[in-house]
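Chain and residue survey
So you can see what is in the structure, the chains are spelled out below.
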Amino acid sequence: MKFDLNKFIAKTLAVGVYSSMFLFCVAIIENFFKKSSMFDRSFLGIFKGLIALDPNSTLYAGIVILMLTPVVRVLFLAIGYFIEGDLRFCFYSILVLLILIFSVYFGVH
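Structure report, in brief. (Residues numbered from 1 in each chain as written. Predicted model: local features only at pLDDT ≥ 70, side-chain atom pairs only at ≥ 80, totals over all residues. Heavy atoms only, no water.)

**Brief notes about the overall build of the chain**
Inclusion rule: Counting from the N terminus, the helices are the DSSP runs of H or I reaching at least four residues and the strands are the DSSP runs of E reaching at least two. For this measure, only C-alpha atoms enter the radius of gyration; the expected value for a globule follows 2.2 Å times N^0.38, where N is the number of residues. Buried means the residue's accessible area, taken with a 1.4 Å probe over protein chains only, is under 20% of the maximum for its type, while exposed means over 50%, and partly exposed covers the values in between. Residue contacts are defined here by distance: any two heavy atoms, one from each residue, within 4.5 Å place the two residues in contact. The Shrake-Rupley method, run with a 1.4 Å probe sphere, supplies the accessible areas, and residue values consider only the shown protein chains as cover. In this tally, Asp and Glu contribute negative charge and Lys and Arg positive charge; neither His nor the terminal groups of the chain are included. The atom standing in for a charge is NZ when the residue is Lys, CZ when it is Arg, CG when it is Asp and CD when it is Glu.
Each helix and strand in the chain was counted, giving four helices and zero strands. Of the regular secondary structure in the chain, the N- to C-terminal order runs α-α-α-α. The C-alpha atoms of the chain give 17 Å as radius of gyration, which overshoots the globular expectation for 109 residues (13 Å, by more than 25%). Here the chain holds 109 residues, and 26% of them are scored as buried. Put simply, of all contacts in the chain between residues at least 6 apart along the chain, 52% involve residues at least 24 apart. Counting every atom, the chain has about 8200 Å² of accessible surface; 76% of that belongs to carbon and sulfur. With 9 positive and 6 negative side-chain charges, the chain shows a spacing of 3 Å between the two charge centroids.

Structure, rendered in structure tokens:
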């Protein structure tokens, strides 16, 4: 059985979107039963809020997963192209990954 990179990337995108959608639905249900008191929007604050079952933390976690899905896709593409020996597309994927990382970094700061 040959490894199909396209199917793997499609499953990666589906897992990211479905897990994000699941967290959005959980956050909506949590909002019916509990008021949110989240002030810290850092990764650690979101994680602590998830442990405390804070609805806004669940919503922010879904947003973070949805935003990281394309980054993970490009990372897996670079690894897959490297394994297949297609170094030109591996280089292009790494270049796109660096552009994504720099744009997120400079967009936050």
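**Considerations on helix H3 (residues 55-84)**
Just so we agree on the cut-off: What a helix should span is 1.5 Å times the count of its residues minus one.
With 30 residues, H3 ought to run about 44 Å at 1.5 Å a step, and its terminal C-alpha atoms sit 43 Å apart, in line with that. Listing the buried residues of H3 in full gives Pro55, Ser57, Thr58, Ala61, Gly62, Thr69, Val71, Val74, Leu77, Ala78, Gly80 and Tyr81. On its buried face, H3 sits against helix H1 (5-33), helix H2 (43-51) and helix H4 (87-108).

**Concerning unusual backbone geometry**
One non-glycine residue, Leu53, adopts positive backbone phi at about 60°. Mapping Leu53 onto the fold places it in the loop between H2 and H3.

**Concerning the nonpolar core**
The line we're drawing: Here, nonpolar core means buried Ala, Val, Leu, Ile, Met, Phe, Trp, Tyr and Cys residues that are tied together by side-chain atoms lying within 4.5 Å of each other.
Counting five residues, the largest nonpolar core consists of Leu5, Ile9, Leu77, Tyr81 and Cys90. Residue assignment for this core shows that the elements contributing at least two residues are H1 and H3. If near-sequence neighbours (up to four positions away) are discounted, Ile9 is found in contact with Arg73, Phe76 and Leu77.

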